[in-house]
Structure formats: C-alpha cells, structure tokens
Amino acid sequence: MLILIPKSLTSASLAKFSHRLVAIEAADEYVFDFGHARWFPPFSMLLLAMILKQFKMRNPRSQMRARNFEQHTYAAHFGFFQLFGLAHGNRPGDAPGNLDYLPIQQLSIGDIRNEAMQSYQEVGDVVERKAGELATMLTRKSEGTLHDTLTYSIREIIRNVAEHSEAEEVSLCAQYWPLTQRVEVGIADAGIGICSGLANNPSFRGLSNKDALQTALMPGVSGNTMAGRGSNPWQNSGYGLYMTNRICRNGGSFLIASGDSLLKLDRNGKTDTPCCLQGTAVRLLIDTRRLGILPEQLSKFADDGRRVAQEIRGANASFASSASQMLTRDFEAV
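Calculation notes
- Residues numbered from 1 in each chain as written.
- Predicted model: local features only at pLDDT ≥ 70, side-chain atom pairs only at ≥ 80, totals over all residues.
- Heavy atoms only, no water.
- Axes fitted to C-alpha atoms, helices over the stretch in contact; angles between N-to-C directions.
- Helix = DSSP H or I, 4+ residues; strand = E, 2+ residues; numbered from the N terminus.
- Parallel < 35°, antiparallel > 145°, perpendicular 65-115°, else oblique.
- Left-handed = near helix turned anticlockwise from the far one by under 90°.
- Contact = heavy atoms within 4.5 Å.
- Nonpolar A, V, L, I, M, F, W, Y, C, P; charged D, E, K, R; others polar.
- pLDDT = per-residue confidence, 0-100.
- Core = buried A, V, L, I, M, F, W, Y, C linked by side-chain atoms within 4.5 Å.
- Buried < 20%, exposed > 50% of the residue type's maximum accessible area, 1.4 Å probe, protein only.
- Expected span 1.5 Å × (residues − 1).
- 1 Å grid on protein atoms, 1.4 Å probe; cavity = no way out; pocket = protein on both sides within 12 Å on 5 of 7 lines; lining within 4 Å.
- Points joined across faces, edges and corners; volume = space filled by probe spheres on them.
- Polar contact = N/O pair within 3.5 Å; in protein donor to acceptor, adjacent residues only side chain to side chain.
- Phe/Tyr/Trp six-rings, centres within 6.5 Å; stacked < 30°, edge-to-face > 60°.
- Arc of directions from axis to C-beta.
- Pairing = 2+ DSSP bridges.

Peer 1: Go over the packing of helix 6 (residues 123-139) against helix 7 (residues 145-165) with me, naming the residues and quoting the values.
Peer 2: Across the interface, helix 6 lies against helix 7 with an axial gap of 8 Å and an inter-helix angle of 140°. Accordingly, the angle class assigned to the pair helix 6 and helix 7 is oblique. Once helix 6 is placed against helix 7, the crossing between them reads as right-handed. Between helix 6 and helix 7, the residues in contact are V123, G124, V127, E128, A131, G132, L134, A135, T136, L138 and T139 and L146, H147, L150, T151, I154, R155, I158, R159 and A162, respectively. Its residues assigned to classes, the contact of helix 6 with helix 7 shows 11 nonpolar, 6 polar and 3 charged.

Structural data, given as structure tokens:
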C-alpha cells in the first residue's frame, strides 16, 4: 500500500496524517513516498518521525519501505530518517550542527539520573547544565536574555519528561534564523503522555487528553502532589509549562501534542487539532525581537499565575521559592 507523506509539514497537516495512519487498512507492505523537495522544520521532523515510528510498532508484521527520500539531504543530515528506523543519513547525535541549528539529539533519562547520582547533584542541576549548553550553542553566548530564556524553557520541558513521562529518552532539535530573528525548539518523548502524568494527582484524574493539555498549561498544575513543597529548589512547582508558554506567546507560539489532541497557543489565542500520538511533543517558537521587554513582563506572568492558581483545585498557589522563580532571578541579574 502506498502512503504519501503530506506536502506541507505543518503541525496541523501532520496531526491529520497521524489520524489517517491509525485508520488505514491492514496490509502486508506499506510504501512511504516522501515526494519532491520540501521544507523540513525542526519540530515537524520530530513529530513526523514519532508518527512513523509508532505506525511501525503498531504493524510489526508488515514490511515498511520508503521511496523518494534520497533528495532530502537536510533532513538526512538532521538525523530525521534514522530516528524512525530508515537506514539513511546521520543517526541522531552524529551531526555536530553549527551556530544556527542543533540536529536531532537524544538524551537518555537514565543517564541523566545516573550522572546526578554519581555527582551528588539533583536531576534538575544536570538538566540545567545540558539546557545551558544547548542554549549557548544556539545563541553563541553564555548569558543574556535569549540565552536565559532558552535555558529555562528547555530545562523545564526536559524536567517534565524526566519527572512525569516514564520515557526512557527525550529527543530534541532546534534552529535559529538570524534574518527573521526566530528560534524554534522541538522536544519529544514516547512516554505515558500528559493525561496519564497528571492523573498521578487525584485532583486531575478523569480528564480527556484535550482538557489535560489545557490544564497542564495552567499555573501550579502538576501530577506531583508534592508540587511546591519542601526546601529542594528543584521540587516540581507546576509553573514550568505555564511560564514557558507565556514566554513563547510573547510574539511567538507554543505547541504541545499528546494522545488525541494538539494544542497551539499564540498571541491570537489557541487552536485545538485532533491528533494521534503516544507520548508528548512540544514546540517552542520564540520571536527574539520581543525579548527586550520580556524581563519586565516576567513578574506580571508570575503574579497572574499566582492569582489564577488560587482558583484551581489541587494547584500549587506558591510561585515563590520554586525552581520556576529562578528565571526571574536570572533576568534581574542581567
């Protein structure tokens, strides 16, 4: 059976494609046609690779082939094809990247935990360092508003994977476009998903995937019932996704997909799209031209979050003393 990869690799078209694959009839052989030259955005590579890999896992007895993929040299360099099992191009982590992009990398959650244990650190400390290294690679700087924003955002997403997803690894890639002054970061895992992660907290059980995504972006919401308690600065506070999506929407956009739902938020509002995805995929699109006014807005984001959290049953209304507040301190020091 011939399956055409969508011509436009937008998140909406890939979400529809994932639905089509779930409903496709059984066959002994599937041939995926990648067609002619097209643009492969970083996040779209992660999302499409996850969709194809999960289709392959659902059909273990069927033969999988591909055609018209050889001309997609950029995607091959990025590690896209190897990520879903096609022996073509670089493997994730092989390509070093350059000052403008980070090819697909895979971080082992087990390795992160082992490194933290062996160095007598918290998992958050190890993730913080790795996020900082990625931010430095993209921004060419070791400090500043853009560097701190990327470090914080990447750190919080990876921490969520390590603490809630039950995934063995997390995949990520990124690109910086100097001419348009935009940064796109894609992060994905094949874990239990947002809905199941939140269900570990009795206050957030029984939600649909769509409701779970929207709830997860609210301030103080976490699957960890101990969110915000204790003296550990890395104790999950439930504010990471909230602050990250507020930052991205400051001229850019934030997208999260899990289960049967994909949610995109920007300055114009939110868009819900049906999707079929095991695990979670997140896209951060940041307009660096608006980061100049970000430091003065962070306190407002935090104040808004505290106020809203007080109205949510089971939410942590204490933003202060949480790891999330480190971002405001970072900017105050700049």
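The rest of the description comes next.
Peer 1: Just give me the short version of the confidence of the model for the protein, but keep the residues and values in it.
Peer 2: Low pLDDT means the predicted coordinates in that region are not meant to be read closely. Across the protein, pLDDT averages 86, with 90% of residues at or above 70. Taken together, the stretch residues 230-234 has pLDDT below 50 and engages in 13 contacts with residues farther than four places along the chain or on a different chain. Counting interchain partners and residues more than four positions distant, the pLDDT-below-50 stretch residues 320-324 has 14 contacts.

Peer 1: Tell me about the nonpolar core, residues and numbers included.
Peer 2: Grouped together as the largest cluster of nonpolar side chains are 56 residues, with contacts concentrated most on L150, I154, V185, F254 and I256. At 8 residues, helix 7 tops the list of elements feeding residues into this core. Ignoring sequence-local partners within four residues, the contact set of I154 consists of A131, L134, V185 and I187. M50, A66, F78 and F80 belong to the second largest nonpolar core, which has 42 residues in total.

Peer 1: Go over helix 1 (residues 11-23), please, and point to the residues and values.
Peer 2: For helix 1, which comprises 13 residues, the first-to-last C-alpha distance of 19 Å matches the rise-based estimate of 18 Å (1.5 Å per residue) to within 8%. Taken as a whole, helix 1 has its buried residues at S11, S13, L14, A15, F17, S18 and L21. Check the buried side of helix 1 and you find it contacts strand 1 (2-4), strand 2 (29-33), helix 2 (42-58), strand 7 (253-266) and strand 8 (269-287).

Peer 1: So what's going on with the layout of surface pockets? Which residues, and what values?
Peer 2: The computed volume of the largest pocket comes to approximately 340 Å³. Residue lining of the largest pocket: 15 residues in total, with K53, Q106, E169, D189 and A190 positioned closest to the centre. When residues of the lining of the largest pocket are traced back to their parent elements, those giving at least two are helix 2, strand 5 (169-177) and strand 6 (182-189). Considering each element in turn, the lining of the largest pocket owes the most residues, 5 residues, to helix 2. Grouping the amino acids of the lining of the largest pocket by side-chain chemistry returns 7 nonpolar, 4 polar and 4 charged.

Peer 1: Break down the side chain of R155 for me, with residues and values.
Peer 2: If you trace the backbone, R155 turns up in helix 7. Relative accessible area serves as the criterion here: at 1%, R155 is assigned to the buried category. Of the polar contacts made by the side chain of R155, one reaches the side chain of E128; its length is 2.5 Å.

Peer 1: Please set out the packing of aromatic side chains residue by residue, giving values where relevant.
Peer 2: All chains considered together, the criterion is met by 15 aromatic pairs. Connected via pairs of aromatic rings, a cluster forms that spans F34, F40, F69, F80, F81 and F84.

Peer 1: Explain helix 5 (residues 109-118) to me, using residue names and the numbers behind them.
Peer 2: Quick reminder: α-helices carry 3.6 residues per turn. Residues three or four places apart thus point the same way. Within the span of helix 5, buried status applies to I109, I112 and A116. What you see down the axis of helix 5 is that its buried residues fit within an arc of 60°, all on one side. Within helix 5, the exposed residues directed more than 90 degrees away from the buried face are D111, M117 and Q118. Packing partners of the buried residues in helix 5 comprise strand 4 (101-108), helix 6, helix 7 and strand 5. The residue sitting at the N-terminus of helix 5 and contributing the capping side-chain oxygen is S108; that oxygen lies 3.4 Å from the backbone nitrogen of G110. Y120 sits one or two residues past helix 5 and shows a positive phi near 60°.

Peer 1: Before we move on, could you go through the pairing of strand 6 and cite the residues and values that matter?
Peer 2: With 7 of its 8 residues buried, strand 6 lies for the most part within the structure. Direction of pairing for strand 5 relative to strand 6: antiparallel, over a ladder of 7 bridges. Paired with Y176 across the two strands is V183, which belongs to strand 6. In textbook terms, the turn of a hairpin is the stretch between consecutive antiparallel strands, and for strand 5 and strand 6 this stretch comprises 4 residues, one of which, Q181, has a positive phi near 55°. Sheet analysis places strand 6 next to strand 8, joined by 8 bridges and oriented antiparallel. Paired with D189 across the two strands is T280, which belongs to strand 8.

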